[in-house]
Amino acid sequence: MTECSPIDFNGAAIASTRRGVCPALDAPMQTGDGLLVRLRPLDSRLTPAAFVTIAETAARHGNGLMEVTARGNLQVRGLTPASAPLFSAEILAMDMPLATGLAIETPPLAGLDPEEIIDARPLADVLRARVVLEEPALSLAAKLSITVDGGGRFSLKNVSADIRLTALPDNTWQIALAGDDHTAKPVARLPADAAVDAVMALLRALSAMGRRARGRDLDAGEWRSRFGFEENGQGGREHSVPSPAGLHLWDGFSALGLALPFCQIEAAALIAFIRETEALGCHEIRLAPDHGFFLIGIAPAQLAAARDAAAARGFVVDPQEPANHIALCAGARGCASAFFDTHALARTLIAAAPALLDGSLTLHVSGCPKGCAHPAPTPLTLTAAPTGYALVVNGSASGSPEAYIAAKDVTHAIARLAALVGTARRAGETAAGCLQRLGRDAIREAVRQDRE
Ligand code: SF4
């Protein structure tokens, strides 16, 4: 999230701009394009009717843009101090199961994925209940998260968490601290009941450390000793998880997966499309990491028709689509803080710089230095300024720029950088790998040549 101020519904903005506050229904966040609310449907599940109602409510009270975040949560933007309480009240009136409090996340296709080791949801439920019943109540960082990953094709390997519970083929659970599947530090391997007890011990320790403590603040070595865990040296685990976008048919399972273009979609397009898919048999939506969702229940013979309908509404239906690899905010069309139309630039860059958008990196186009669309660093960020764009390499929108590019030159400058990647790339090398090898000086030189 961007630096945001939670708003008190009964009064003025709470005087806080610190990171680490989550924009829940009862605590929307101030961003450059109004108030933002994030919703976490329990187990990432929604009925089509609920999805439509949320979109209609968002269109009525927000700026009409719906987002699915990198973790698979729903986001509504452009609310105002007057409309946010109305939005909240109408969503709560739906009586839809929403996950609140500590984020305990399961894979998007939990219980459906033919390749999963176990359905992670029952263990996640036990954990939620234990957290709620804990006495004295835990005092945890607002952004603290736990993943309970039963495996499968669409596992949570790429999703970072403070505490990770990962199912192993021998019916035990590995517990790891701070990171994604590749980077987190394993501290225990235990049967389910003992794993829940172990996670509660970790949460108590975090609670005792204060409301800013995160998984990275726990001493992994100390907890390994405490849990009697010895690493078996199985490092370098493969952790590629496909984009949700595409037709998914395997082992008797079928679903249509979609990603949102530039991570967001007009509520009107979403509503129209969901209604079309209901007619094709869709009875459940599963929100997914990587800005997407799955449609469940459509007969295999109808999936192609549903995919074509999605494409016609502007959804990303192919994981290779370049729009899948650009993060951008509302820009001038939805935010008073924006210096330029980020969407117009993104569309131009897709045509002008395809070599950069091979899926190996995210290009972030931000309407201002707040970087709402992608607070974390990306290999390339274009941050709009009054007369042009700052190019930040391996940084966030507010990072130190390598170059400033006049607005009229930016497409040519990035096209020149893409051409450099196209010619310098070695066999099998990705755009991200090539840029990393070329280094900042070559990147700076490529975009600056355009001025001559
Ligand atoms: S221009 Fe973009 S990054 Fe800046 S405040 Fe608005 S939405 Fe956020």
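Residues numbered from 1 in each chain as written. Predicted model: local features only at pLDDT ≥ 70, side-chain atom pairs only at ≥ 80, totals over all residues.

## Some words on the overall build of the chain
At step 1: Of the regular secondary structure elements, the chain holds 10 helices and 20 strands.
At step 2: Seen through its C-alpha atoms, the chain measures out along the principal axes to roughly 65 × 55 × 50 Å.
At step 3: Looking at the chain alone, contacts between residues at least 24 apart form 62% of all its contacts between residues at least 6 apart. (Helix = DSSP H or I, 4+ residues; strand = E, 2+ residues; numbered from the N terminus. Contact = placed C-beta atoms within 7 Å.)

## Considerations on the site of the ligand
At step 1: Taken together, 14 residues are adjacent to the ligand, and G32, C329, C335, G367 and C372 come closest.
At step 2: Its residues assigned to classes, the shell around the ligand shows 6 nonpolar, 6 polar and 2 charged.
At step 3: Of the residues that make up the shell around the ligand, three or more belong to each of domain 1 (29-97 + 247-319) and domain 3 (324-451). (Near = placed C-beta within 6 Å. Nonpolar A, V, L, I, M, F, W, Y, C, P; charged D, E, K, R; others polar. Domains from an automatic or database assignment.)

## Let's talk about the sheet that holds strand β6 (residues 103-105)
At step 1: One open sheet holds the 5 strands; their spatial order is β6-β7-β8-β9-β10, and the pairing between them is mixed. Looking at the sheet topology across the chains shown, the edges are occupied by β6 and β10 (185-190). Ignoring strand direction, the axes of neighbouring strands in this sheet form an average angle of 20 degrees.
At step 2: Of the strand pairs in this sheet, strand β7 (residues 145-149) and strand β8 (residues 161-167) are connected by 4 bridges, and their pairing is parallel. Bridging from a neighbouring strand, D149 pairs with T166 of β8.
At step 3: Contacting β6 and β7, helix α3 (residues 121-133) crosses the sheet at an angle of about 150 degrees to β7. (Pairing = 2+ DSSP bridges. Axes fitted to C-alpha atoms, helices over the stretch in contact; angles between N-to-C directions.)

## Describing the sheet that holds strand β19 (residues 388-395)
At step 1: Sheet architecture is open: 5 strands sit in the order β16-β17-β18-β19-β20, paired in mixed fashion. Because the sheet does not close on itself, it has two edges, and the strands there are β16 (326-328) and β20 (403-406). When the angles between neighbouring strand axes are averaged without regard to direction, this sheet yields 20 degrees.
At step 2: Direction of pairing for strand β17 (residues 363-366) relative to strand β18 (residues 378-384): parallel, over a ladder of 4 bridges. For H364, the partnering residue across the bridge sits in β18 and is T381.
At step 3: The sheet strands contacting helix α10 (residues 431-448) are β18, β19 and β20, and the helix crosses β20 at an angle near 60 degrees.

## Some thoughts on the environment of I298
At step 1: Relative to the helices and strands, I298 resides in the loop between β15 (292-296) and α7 (300-312).
At step 2: Judged by local crowding, I298 falls into the buried class, with 23 C-beta atoms found within 10 Å.
At step 3: A C-alpha to C-alpha distance of 4.9 Å links I298 and C282, two positions 16 residues apart in sequence.
At step 4: Residue contacts for I298: discarding those within four places in its chain leaves L256, T277, L280, G281, C282, L303 and A306. (Buried ≥ 20, exposed ≤ 12 C-beta atoms within 10 Å, placed from the backbone.)

## Examining the nonpolar core
At step 1: M66, I175, V199, L258, I326, L391 and L417 are the most contacted members of the largest nonpolar core, which totals 129 residues.
At step 2: Considering each element in turn, this core owes the most residues, 8 residues, to helix α9 (residues 410-424).
At step 3: Aside from chain neighbours lying at most four places away, what touches V199 is L127, I146, I163, L165 and I175. (Core = buried A, V, L, I, M, F, W, Y, C linked by C-beta atoms within 7 Å.)

## A few points about the pairing of β10
At step 1: Relative to β10, strand β9 (residues 173-179) is paired through 5 bridges, and the arrangement is antiparallel. Across the sheet, the residue bridging to Q174 is R189, located in β10.
At step 2: Linking two consecutive strands that pair antiparallel, namely β9 and β10, is a turn of 5 residues.

## Thoughts on the pairing of strand β11 (residues 246-250)
At step 1: Pairing of β11 with strand β12 (residues 253-259) involves 5 bridges; the strand directions are antiparallel. Bridged to L249 within β12 is S254.
At step 2: Between β11 and β12, which pair antiparallel one after the other, the connecting turn spans 2 residues, and D251 there sits at a positive phi close to 50 degrees.

## Quick word on helix α2 (residues 83-93)
At step 1: Taken together, the buried positions of α2 are A84, F87, S88 and I91. Considered in projection along α2, the buried side chains sweep an arc of 100 degrees and stay on one side of the axis. Among the exposed residues of α2, those pointing more than 90 degrees away from its buried face are A89 and A93.
At step 2: Turning to α2, the residues buried within the fold contact β2 (34-39), α1 (48-61) and β5 (74-79). (Arc of directions from axis to C-beta.)

## Describing the domain arrangement of the chain
At step 1: You can read the domains of the chain as domain 1 (29-97 + 247-319), domain 2 (109-227) and domain 3 (324-451).
At step 2: Facing 12 residues of domain 1, the contacting portion of domain 3 comprises 14 residues.
At step 3: Tallied by class, the residues present in the side of domain 1 that touches domain 3 amount to 6 nonpolar, 4 polar and 2 charged.

## Some points on the packing of helix α8 (residues 342-352) against α9
At step 1: It is at 9 Å that the axes of α8 and α9 come closest, and there the two elements cross at 35 degrees. Classified by chirality, the crossing of α9 by α8 is right-handed. For the pair formed by α8 and α9, the contact residues are L345, T348, L349 and A352 on the first element and V410, T411, I414 and A415 on the second.
At step 2: Here the contact of α8 with α9 is built from residues that sort into 6 nonpolar, 2 polar and no charged. (Left-handed = near helix turned anticlockwise from the far one by under 90°.)

## Structural notes on unusual backbone geometry
At step 1: The omega torsion across E135 and P136 is -10 degrees, close enough to zero to call that bond cis.
At step 2: Looking at the secondary structure, you find P136 in the loop between α3 and β7.
At step 3: The backbone of A178 sits at a positive phi, close to 60 degrees, despite the residue not being glycine.
At step 4: Along the chain, the position of A178 falls in strand β9.
At step 5: Residue C263 is not a glycine yet carries a positive backbone phi of 70 degrees.

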